[in-house]
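Structural features, examined
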Amino acid sequence: MIQTQQEMKTQYTSEALNVSHTDIMSTRRDKQIVDARRIAYYLARQDFKFTLQAIANFFDKNHATILHQVNQHKAWSEQEDYYKNQYESVRTFLLDELG
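Residues numbered from 1 in each chain as written. Predicted model: local features only at pLDDT ≥ 70, side-chain atom pairs only at ≥ 80, totals over all residues. Heavy atoms only, no water.

**With respect to unusual backbone geometry**
The phi angle at Asn-18 is positive, at roughly 55°, despite the residue not being glycine. The topology assignment puts Asn-18 in the loop between helix H1 (5–17) and helix H2 (21–25). Under the relative-accessibility criterion, Asn-18 is labelled exposed at 68%. Phi angles above zero are rare outside glycine, and Lys-49 is one such case at about 60°. Along the chain, the position of Lys-49 falls in the loop between helix H3 (31–47) and helix H4 (52–59). Among the residues examined, Lys-49 registers a relative accessible area of 64% and is labelled exposed. (Helix = DSSP H or I, 4+ residues; strand = E, 2+ residues; numbered from the N terminus. Buried < 20%, exposed > 50% of the residue type's maximum accessible area, 1.4 Å probe, protein only.)

**Observations concerning the pattern of salt bridges**
All told, the structure shown has five salt bridges when counted by the stated rule. The residue Arg-28 makes a salt bridge to Asp-23 at a minimum N-O spacing of 3.2 Å. Here Asp-23 falls in the buried class, since its relative accessible area comes to 19%. Here the salt bridges do not stand alone but share partners, grouping Asp-23, Arg-28 and Asp-30 into one network. (Salt bridge = Lys/Arg side-chain N within 4 Å of Asp/Glu carboxyl O.)

Okay, here's the thing in structure tokens:
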């Protein structure tokens, strides 16, 4: 059962990208999972205004890891169309579901 707002957003991200919630929460480094995790961090930070520490606590990471990945998201979005399309798809899906 989804208990928090962040869990709900992470669940929607995993559904939209066809990556399990367990994988997003894991330390696995497969590209598809890392991309999904980065998108979840970015959405939590930029679109839903969670603090870096709140995101870090939820994902059991250091706040600096979250900051680094949020900054990496910007670079990936500018350089890789497939990544930008994934992000836009998840963002649209989330906003429609929560809308």
